[in-house]
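Residue-level structural notes
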Amino acid sequence: FFFKQKTAYEIRNCDWSSDVCSSDLLASGFSGIGAHRTDGLQLLRNRIGFSNAQRFAYLTSLSTSSIAGAKITASTNVVVRGNVFDDNSSNGLWIDISSSDVAIVGNSSVRNARHGISIEISTRVLVAGNTSADNVYDGLKVSGVTAAEVWNNTFAGNGSAQLGVYEDPRSNPDPVEQIGRAHV
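Notes on the structure follow. All values reported here derive from a predicted model rather than from experimental measurement.

Scoring rules and cut-offs
- Residues numbered from 1 in each chain as written.
- Predicted model: local features only at pLDDT ≥ 70, side-chain atom pairs only at ≥ 80, totals over all residues.
- Heavy atoms only, no water.
- Helix = DSSP H or I, 4+ residues; strand = E, 2+ residues; numbered from the N terminus.
- Buried < 20%, exposed > 50% of the residue type's maximum accessible area, 1.4 Å probe, protein only.
- Contact = heavy atoms within 4.5 Å.
- Pairing = 2+ DSSP bridges.
- Axes fitted to C-alpha atoms, helices over the stretch in contact; angles between N-to-C directions.
- Phe/Tyr/Trp six-rings, centres within 6.5 Å; stacked < 30°, edge-to-face > 60°.
- Lys NZ or Arg CZ within 6 Å of the ring centre and 35° of its normal.
- Salt bridge = Lys/Arg side-chain N within 4 Å of Asp/Glu carboxyl O.
- Polar contact = N/O pair within 3.5 Å; in protein donor to acceptor, adjacent residues only side chain to side chain.

1. Comments concerning the overall build of the protein
A tally of helices and strands in the protein yields 0 helices and 19 strands. Within the protein, the proportion of its 184 residues that are buried is 52%. Across the protein, every contact between residues at least 6 apart in sequence was considered, and the portion connecting residues at least 24 apart equals 54%.

The structure is reproduced here in structure tokens:
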């Protein structure tokens, strides 16, 4: 795909495995990929770049609640492997709101206008072997996450922090996912 007015690829309410493989999702008007309530989603060997080409505001939290190279919410059994998230006017990869059993492995997230990789109010997330560099804010943001494992990543040249671990004032809407402990 090259330039779509809104989100280039949307996956919603899928209780079967969905794969997005070996695709170039470039210059989408809003987000490159949006996924909500999926089970078994795999993003493999894609390039997701220059998202938010319409330049929706990305400097305030209210205006960016959906904008990302790829944003995945309320999803389970997710694998994000071997992708490049580059030059997005937003977060590169964003996992949010009650996602669980997520593996983010061997990706590159560079030159994004917010965080390279952002994980919020989710559980059982593995972040390993990724490179996140030259992003405006954090290379990796971990906020309100339980049972996270972060290891063997390379963070360099990010604007705010290489790795940011934060408390999140919001509560996870799924009480089952509130159990756990972060290992960073």
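That covers the picture; the talk isn't over yet.
2. Brief notes about the sheet that holds strand S2 (residues 19–21)
Spatially, 6 strands are ordered S2-S5-S8-S11-S14-S17 in an open sheet, and the strand pairing comes out parallel. Two strands in the sheet have a free side with no partner beyond their single neighbour: S2 and strand S17 (146–151). Each neighbouring strand pair of the sheet contributes to a mean axis angle of 5 degrees, computed without reference to strand direction.

3. A look at the packing of aromatic side chains
For the structure on display, the rule yields 0 aromatic pairs. Just above the ring of Trp-94 sits the side chain of Lys-71; from NZ or CZ to the centre is 3.7 Å.

4. Notes on the pattern of salt bridges
Summed over the entire model, instances satisfying the criterion amount to 6 salt bridges. With a closest N to O distance of 3.3 Å, Asp-96 and Lys-71 form a salt bridge. A residue pair is termed long-range when its members are at least 10 positions apart, and Asp-96 in strand S10 (residues 91–96) and Lys-71 in strand S7 (residues 68–73) qualify at 25 residues. Looking at Lys-71, the relative accessible area reads 8%, which means it is buried. Of the charged contacts, one joins Glu-120 and Lys-141 as a salt bridge, the two residues approaching to 2.6 Å between their closest N and O atoms. Residue Glu-120 is found in strand S13 (residues 117–120), and its partner Lys-141 is found in strand S16 (residues 140–143); the two are separated by 21 residues along the sequence. Take Glu-120 and Lys-141: they sit in the same class, and that class is buried. Each of Arg-47, Asp-86, Asp-87 and Arg-111 takes part in salt bridges that share partners, so that together they form one network.

5. What about the environment of Tyr-137?
Within the secondary structure layout, Tyr-137 lies in the loop between strand S15 (131–133) and S16. Given a relative accessible area of 27%, Tyr-137 falls into the partly exposed group. Between the C-alpha atom of Tyr-137 and that of Asn-112, which follows or precedes it by 25 residues, the distance is 8.5 Å.

6. Quick notes on the side chain of Asn-158
Tracing the sequence through the fold places Asn-158 in the loop between strand S18 (154–156) and strand S19 (163–166). A polar contact of 3.3 Å, which involves the side chain of Asn-158, links it to the backbone nitrogen of Asp-134. Of the polar contacts made by the side chain of Asn-158, one reaches the side chain of Gln-162; its length is 2.9 Å. If near-sequence neighbours (up to four positions away) are discounted, Asn-158 is found in contact with Ser-132, Ala-133, Asp-134, Asn-135, Tyr-137, Asp-138 and Gly-139.

7. Notes on the sheet that holds S18
Spatial ordering of the open sheet is given by S3-S6-S9-S12-S15-S18, a layout of 6 strands whose pairing is parallel. Of all the strands in the sheet, just strand S3 (24–26) and S18 have a single pairing partner and so form its edges. Taking each pair of neighbouring strands and ignoring which way they run, the sheet shows an average axis angle of 5 degrees. The sheet contact formed by strand S6 (residues 47–49) and strand S9 (residues 84–86) spans 3 bridges and is parallel. Bridging from a neighbouring strand, Arg-47 pairs with Val-84 of S9.

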